[in-house]
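These are the residues of each chain, in order.
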2 protein chains.
Amino acid sequence: VLPTGEILKTGVETAKGVVGYDLTRLIIGSEGTLAVITSITLRLIPKPSHKRTLLAGFADVAQAAGTVSDIIRHGVVPTAAEFMDRLSIECVREEIDISIPSGTHALLLMEVDGDALTTKKDADRILEICRQSGAVHVESGATAKEAENLWEVRRRVSEAVMKLRPNKISEDVVVPRNQMVALVDHLARLQGKYGLPIPAFGHAGDGNIHVNIMYDRNNPAERNRTDAVVRNLFMKVLHLGGTISGEHGIGLTKAPYMEMEIARPAIDLMIRLKKAFDPEGILNPGKIFLS
Amino acid sequence: VLPTGEILKTGVETAKGVVGYDLTRLIIGSEGTLAVITSITLRLIPKPSHKRTLLAGFADVAQAAGTVSDIIRHGVVPTAAEFMDRLSIECVREEIDISIPSGTHALLLMEVDGDALTTKKDADRILEICRQSGAVHVESGATAKEAENLWEVRRRVSEAVMKLRPNKISEDVVVPRNQMVALVDHLARLQGKYGLPIPAFGHAGDGNIHVNIMYDRNNPAERNRTDAVVRNLFMKVLHLGGTISGEHGIGLTKAPYMEMEIARPAIDLMIRLKKAFDPEGILNPGKIFLS
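All of these numbers come straight from a predicted model, not from anything done at the bench. (Residues numbered from 1 in each chain as written. Chains lettered and ligands numbered in written order. Predicted model: local features only at pLDDT ≥ 70, side-chain atom pairs only at ≥ 80, totals over all residues. Heavy atoms only, no water.)

Chemist: Looking at this structure, I do not really get the packing of helix α2 (residues 61-73) of chain A against helix α4 (residues 116-132) of chain A. What am I missing?
Modeler: For any two helices packed against each other, the geometry is given by the interaxial angle and the distance between the axes. All names here are of chain A. Running from amino to carboxyl end, α2 crosses α4 at an angle of 140°, the nearest separation of the two axes being 10 Å. When the axes of α2 and α4 are compared, the pair comes out oblique. Relative to α4, the crossing made by α2 is right-handed. Facing α2, whose interface residues are Thr67, Asp70 and Ile71, α4 presents Ile126, Ile129 and Cys130. Of the residues that constitute the contact of α2 with α4, the class distribution is four nonpolar, one polar and one charged. (Axes fitted to C-alpha atoms, helices over the stretch in contact; angles between N-to-C directions. Helix = DSSP H or I, 4+ residues; strand = E, 2+ residues; numbered from the N terminus. Parallel < 35°, antiparallel > 145°, perpendicular 65-115°, else oblique. Left-handed = near helix turned anticlockwise from the far one by under 90°. Contact = heavy atoms within 4.5 Å. Nonpolar A, V, L, I, M, F, W, Y, C, P; charged D, E, K, R; others polar.)

Here it is as C-alpha cells:
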C-alpha cells in the first residue's frame, strides 16, 4: 500500500520477469519508508534430505578465517559457517559445559546439506581441510541431538557476552571474506585503545561479523567513548572494502554514519525516490535519512 | 552516471549489504532509462568440474512439461532444461541430420553439472524419470563432442523457423511451470484461429517460452493479424499467472501492452521514479512507457 493510498502488487509469481522497474527489490530493505507490505509470496526450494553439523576450534583467528576461504575455494559451499572469537568462546564456556580445549581462540560452526552422498562427501572434505589448517579440535554432530548441542554454543553467545558489561552496541558489519582477519585484528587494537571489551561472532561464510561493543551506560566515560569506537570501526570496515550493515539496516541509530558509506549524490537520489513514493513523508519519518 | 551528471557507485562488493535503497536492482532492467552504466563488478561462482547433456523426445507436450516438473520435484535442478515443440523440431529436422524418431512432438534438452558423483547421479535420475514418463527417445552426450551435437538442435531452431515465413515476432513470455501445457495447447488454438505458424521453444525449467509468431510483412492480411495474436497470447499468459517478458523487457514494441500486466498506479509510480532520476527525460526517451 503506497502512502498515497494506492494498492499495488509488485513482482511476478514466475521464475523470471522483467516488465518495468523492479519495485519489489526497491521496497525490500526500505525499512518501512516507501510502502506498507500487507502480503508476501515467497519462493520455496526443495528441502534437502540430509544435513551435517561440524565444529572446529583453532588456535588463532587467521587459521579459522583462512579455513573458510579454503573450503569455499574447494567448491564446498556450507549453508552455515558461523565464527566465534576468543572472548565469545570464553563467555559461553562459563555458562555451559563445552568440550572445547582451552587453547581455542576461534571457533567455526559449519553446516552442509544435500542428499546423503553429497552431504557426507562435503562434511569429510571440510573436516580434512580443518585438520590440514591446523585445527586444535574437530567435532562432527552425527545425530540431530549432537548437532543441536554444537549449535547451543552459538545460540548462547549473544546473551553470554552481557556478563562483560550491562550494555551492548551490536554492529553487523561485512567485509570481503579475505579481509576477516584484518577486521578481527583491528578489533583487538580497538579494545586496547578504548578499554572496552568487543567480542565478535557471526557469519564467516559471508564475511558478516557481529561486532559487540560492550559498555556501561551509567559510566559516562565509557558511554562517551562508544561513538568514537563505532566511527573507528566503520572507517576500518569501509577501508577494507566492506559495508556498515549486512542485515539490519540503518534505522535511527546508524543514520548519522550513513554518509561514511554512501556518497552524497546517492543519498540525495534516495531522498528523491522516497519523495516519489511518499510526497508527504508520512511513512517512518526520520528513519534511514538524517532530517 | 546519472542523467543529471553525478557519478555514483551502487551496491557492495561484499556478500551482503543493506545500507539505503537498492539502487543496483532498480537500475538493472531499467533499459537505459535511469542511468548510464560504465562499470559492472560481477560475482563469480566456482566452475563445476563436470557436466552432462541429455536429450529426451516425447510424443506429446504434456509429457515433456510434466517431466520437467517431476525432475525438479525430485530435488534435481538442471542448469538447463530447454524445450522445443513439434513445429520447431520439424524445422530443424529439415536442416540437419538428427536421430530423433518421427513421432517426437516435444523435445527436452537438459544439462546438469556439479562434481563427478552428483552429475552422474542427477543424470541417471533424469533419464529414469524421462523413461517412466514415456519418453519415445532418450540420449545422453557422454563426451563434450556428443553434448555439442545435442545442443546443435537447439541452437539451430531460431534460424530454422524462418523457413515458415519471412518475418517473426518473438515473445518471451513466462508462465508458472505447471501451466506450460496450457500455454502450448493455447498456441495450437491461436495457430488455428489466425492461420499463422507459431513455433515455440525455450527455457522449460523457468516456464519461459519463446513464442514465435511467423508472418509475411508484405502480406497485409497476415501483418494486420499479428497485433491480435500478440494481445490474445498476452491475455492468456497473464490469465495463467504469467508475465509478458521473462528476459527481454519492454523497449518500444511491448510498450503498448505493458498496461495489460502492470496496473496504472504502478506505472505512474515508475514514471515518478524515472523523473527522480531523469527530470529532463534525456535517457532513452520513449522506451518502456508510452509517452
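Chemist: What exactly am I supposed to notice about the sheet that holds strand β2 (residues 80-85) of chain B here?
Modeler: Working definition: the strands of a sheet are paired by backbone hydrogen bonds and lie parallel or antiparallel to each other. Residues and elements named next belong to chain B. Overall, antiparallel pairing links the seven strands, which are arranged β4-β1-β3-β2-β6-β7-β5 in an open sheet. If you trace the sheet from one side to the other, it starts and ends with β4 (137-141) and β5 (167-174), each paired once. The mean angle between the axes of side-by-side strands here comes to 15°, regardless of whether they run parallel or antiparallel. Pairing of β2 with strand β3 (residues 106-114) involves six bridges; the strand directions are antiparallel. Of the residues in β3, the one forming a bridge with methionine 84 is leucine 107. Of the strands in this sheet, β5 and β7 (208-215) touch helix α7 (residues 220-239), which is tilted by about 10° from β5. (Pairing = 2+ DSSP bridges.)

Chemist: It is not clear to me how the interface of chain A and chain B should be interpreted in this structure. Could you clarify?
Modeler: When the parts of a complex come together, some accessible area is lost, and that lost area is often used as the size of the interface. Of the residues lining the interface, 59 residues belong to chain A; the matching set on chain B comes to 58 residues. In total, about 4,700 Å² of surface goes out of reach between chain A and chain B, with carbon and sulfur atoms giving 70% of it. On the chain A side of the interface with chain B, the three residues burying the most area are A:Lys16, A:Val19 and A:Tyr21, jointly 20% of the side's total. On the surface where chain A and chain B come into contact, there are six salt bridges. Where A:Lys16 meets B:Asp206, a salt bridge forms, and the shortest distance between an N and an O atom there is 3.1 Å. Taken together, chain A and chain B are joined by 14 residue pairs in polar contact (both at pLDDT 80 or more). Elements with a contribution of two residues or more to the side of chain A that touches chain B: α1 (23-27), α4, α8 (258-261) and α9 (264-277) of chain A. The element contributing the most residues to the side of chain A that touches chain B is α9(A), with nine residues. (Buried area = accessible area lost by both parts, 1.4 Å probe. Salt bridge = Lys/Arg side-chain N within 4 Å of Asp/Glu carboxyl O. Polar contact = N/O pair within 3.5 Å; in protein donor to acceptor, adjacent residues only side chain to side chain.)

Chemist: Help me out: how do you make sense of the environment of B:Gly195 in this one?
Modeler: Residues and elements named next belong to chain B. With respect to the element layout, glycine 195 can be found in the loop between α6 (180-194) and β6 (200-203). We classify glycine 195 as partly exposed; its relative accessible area is 40%. Measuring from C-alpha to C-alpha, the distance between glycine 195 and arginine 93 comes to 23 Å, with 102 residues separating the pair along the chain. When residues no more than four places from it in sequence are discounted, the contact partners of glycine 195 are Arg165, Leu190 and Arg225. (Buried < 20%, exposed > 50% of the residue type's maximum accessible area, 1.4 Å probe, protein only.)

Chemist: For this particular structure, what's the right way to read the sheet that holds strand β6 (residues 200-203) of chain A?
Modeler: All names here are of chain A. With respect to topology, seven strands assemble into an open sheet ordered β4-β1-β3-β2-β6-β7-β5, the strand pairing being antiparallel. Single-partner strands in this sheet number two, and they are β4 (137-141) and β5 (167-174). Mean inter-strand twist for the sheet, computed between neighbouring axes without regard to direction, equals 15°. When strand β1 (residues 50-58) meets β4, the two strands line up antiparallel, connected through five bridges. For alanine 56, the partnering residue across the bridge sits in β4 and is valine 138.

Chemist: In this structure, what is going on with the packing of aromatic side chains? I would like to understand it.
Modeler: In this description, an aromatic ring pair is defined by two values, namely the gap between the centres and the angle between the planes. Considering all chains together, one arrives at four aromatic pairs over all chains under this definition. Ring centres 5.5 Å apart and planes at 75° place the aromatic pair A:Tyr21 and B:Phe289 in the edge-to-face group. Residue A:Tyr21 is found in the segment before α1, and its partner B:Phe289 is found in the segment after α9 (264-277); the two belong to separate chains. Neither residue differs from the other here; A:Tyr21 and B:Phe289 are each classed as buried. Note on B:Phe234 and B:Tyr257: the rings are 5.3 Å apart at their centroids and 85° apart in plane angle, and the pair reads as edge-to-face. Linking B:Phe234 in helix α7 with B:Tyr257 in the loop between α7 and α8 (258-261), this pair joins segments that are 23 residues apart in sequence. Among the residues examined, B:Tyr257 registers a relative accessible area of 8% and is labelled buried. (Phe/Tyr/Trp six-rings, centres within 6.5 Å; stacked < 30°, edge-to-face > 60°.)

Chemist: How should the side chain of A:Ser133 be read in this particular structure?
Modeler: All names here are of chain A. Mapped onto the fold, serine 133 is located in the loop between α4 and β4. Looking at serine 133, the relative accessible area reads 18%, which means it is buried. With near-sequence residues (within four places) excluded, serine 133 lies in contact with Phe58, Gln63, Thr67 and Asp70.

Chemist: Please explain the relation of the copies chain A and chain B as it appears in this structure.
Modeler: For the pair of chain copies, the relating transformation is a rotation about an axis with a translation along it. Superposing chain A onto chain B takes a rotation of 180° plus a shift of 0.0 Å along the axis, which leaves an RMSD of 0.0 Å. What the superposition gives is, in effect, a two-fold axis relating one chain to the other. Here 98% of the interface residues in chain A have copies in chain B that are interface residues too; the copies meet face to matching face. (Least-squares fit on C-alpha atoms with pLDDT ≥ 70 in both.)

Chemist: Can you help me understand a nonpolar patch on the surface in this one?
Modeler: A cluster of nonpolar side chains, namely A:Ile37, A:Ile40, A:Leu42 and A:Leu44, defines an oily patch on the protein surface of about 500 Å² accessible area. Note that A:Ile40 resides in the loop between α1 and β1. (Patch = residues over 30% accessible without salt bridge, like charges linked within 9 Å, V, L, I, M, F, W, Y side chains within 5 Å. Areas by Shrake-Rupley, 256 points an atom, 1.4 Å probe, with all protein chains shown as cover.)

Interpretation note: all reported values are geometric properties and have no functional meaning in isolation.
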